[in-house]
Amino acid sequence: LVDGVDLLPLVRGETDSAKEYSFAENGRFVSIQSATRKLILARASLTAEGWAEALAGKGEPPRYYDLAADPAETRNLFPEQADEAEDLRTALKTWSDSLPIPLHDFVESHRDQEQRDIFRGLGYSGDDDE
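Residues numbered from 1 in each chain as written. Predicted model: local features only at pLDDT ≥ 70, side-chain atom pairs only at ≥ 80, totals over all residues. Heavy atoms only, no water.

Draft legend 1. The arrangement of the side chain of Asp70 in detail. For Asp70, the position within the fold is in the loop between β4 (63–66) and α3 (78–81). The side chain of Asp70 sits in the buried core without any salt bridge; Arg75 is the nearest counter-charge, 7.1 Å away. With near-sequence residues (within four places) excluded, Asp70 lies in contact with Tyr65 and Arg75. (Helix = DSSP H or I, 4+ residues; strand = E, 2+ residues; numbered from the N terminus. Buried < 20%, exposed > 50% of the residue type's maximum accessible area, 1.4 Å probe, protein only. Lys, Arg positive; Asp, Glu negative; His and termini not counted. Salt bridge = Lys/Arg side-chain N within 4 Å of Asp/Glu carboxyl O. Contact = heavy atoms within 4.5 Å.)

Structure follows, in structure tokens:
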């Protein structure tokens, strides 16, 4: 048995997308994207404590984009529109909780730290307090 979605309605032009959201994850981040919005979070922000810290401006800042107005993702709207990102965070947490390896079993590798250092050096990371 294979998980999947019938793409025929998409091919026929009966719908604009096969699924409401697309998801991605790597060692440090998880993201969710709809046709018009995108939210990128540090994995730790999926926990209640991590989300509270993110809302308080601690740790890796979440990134929230209006893809219709800003397809190049140049303006992070999270500081002004954190409440509008909550539904995406909820859907992202539900998806993450369904993955075969739970968040608490995840262990960073030395490559994750190297990647963090590279991005911090380039000015892309806001986790200087780690």
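Draft legend 2. Looking closely at helix α2 (residues 48–55). For α2, the complete set of buried residues consists of Gly50, Trp51 and Ala54. Buried residues of α2 fall within an arc of 100° about the axis and therefore sit on the same side. α2 presents Ala48 and Glu49 as exposed residues on the side facing more than 90 degrees away from its buried surface. Buried residues in α2 make contact with β3 (37–42), α3 and α4 (86–97). Gly57, located one to two residues past α2, shows a positive phi value of around 85°. (Arc of directions from axis to C-beta.)

Draft legend 3. Inspection of the layout of surface pockets at higher detail. Approximately 250 Å³ is the volume found for the second largest pocket. What lines the second largest pocket is a set of 14 residues, and nearest its centre among them are Asn26, Phe29, Arg63, Gln115 and Phe119. Mapped onto the lining of the second largest pocket, the elements with two or more residues apiece are β1 (22–25), β2 (29–33) and α5 (110–122). In terms of residue count, the dominant contributor to the lining of the second largest pocket is β2 (three residues). (1 Å grid on protein atoms, 1.4 Å probe; cavity = no way out; pocket = protein on both sides within 12 Å on 5 of 7 lines; lining within 4 Å. Points joined across faces, edges and corners; volume = space filled by probe spheres on them.)

Draft legend 4. Molecular detail of the environment of Trp95. For Trp95, the location among the structural elements is in helix α4. A relative accessible area of 18% means that Trp95 is categorised as buried. With 71 residues separating them in the primary sequence, Trp95 and Ala24 have C-alpha atoms 10.0 Å apart. Sequence-distant contacts of Trp95, defined by excluding residues within four places in its chain, comprise Phe23, Ala24 and Glu25.

Draft legend 5. View of the nonpolar core. Among the nonpolar cores identified, the biggest contains 17 residues, and Ile32, Leu39, Leu41, Tyr64, Phe78, Leu88 and Leu92 are the most heavily contacted of them. Elements with a minimum of two residues in this core: β2, β3, α2 and α4. Take this core: its biggest share by element is four residues, from α4. Once you skip the residues sitting within four places of it in the chain, Phe78 turns out to touch Leu39, Trp51, Ala54, Leu55, Pro62, Tyr64 and Ala85. In terms of nonpolar packing, the next biggest core, distinct from the first, is built from five residues, Phe29, Ala42, Tyr65 and Leu67 among them. (Core = buried A, V, L, I, M, F, W, Y, C linked by side-chain atoms within 4.5 Å.)

Draft legend 6. Spatial organisation of the sheet that holds β2. With antiparallel pairing, four strands are arranged side by side in an open sheet as β1-β2-β3-β4. Edge positions in the sheet fall to β1 and β4, since each has one partner strand and no second. With strand direction ignored, the average angle separating the axes of adjacent strands in the sheet is 10°. Taken strand by strand, α4 contacts β1, β2, β3 and β4, and its axis lies near 60° from that of β3. (Pairing = 2+ DSSP bridges. Axes fitted to C-alpha atoms, helices over the stretch in contact; angles between N-to-C directions.)

Draft legend 7. Spotlight on the environment of Gly57. Mapped onto the elements of the fold, Gly57 is located in the loop between α2 and β4. For the pair Gly57 and Pro79, spaced 22 residues apart in sequence, the C-alpha separation works out to 8.6 Å.

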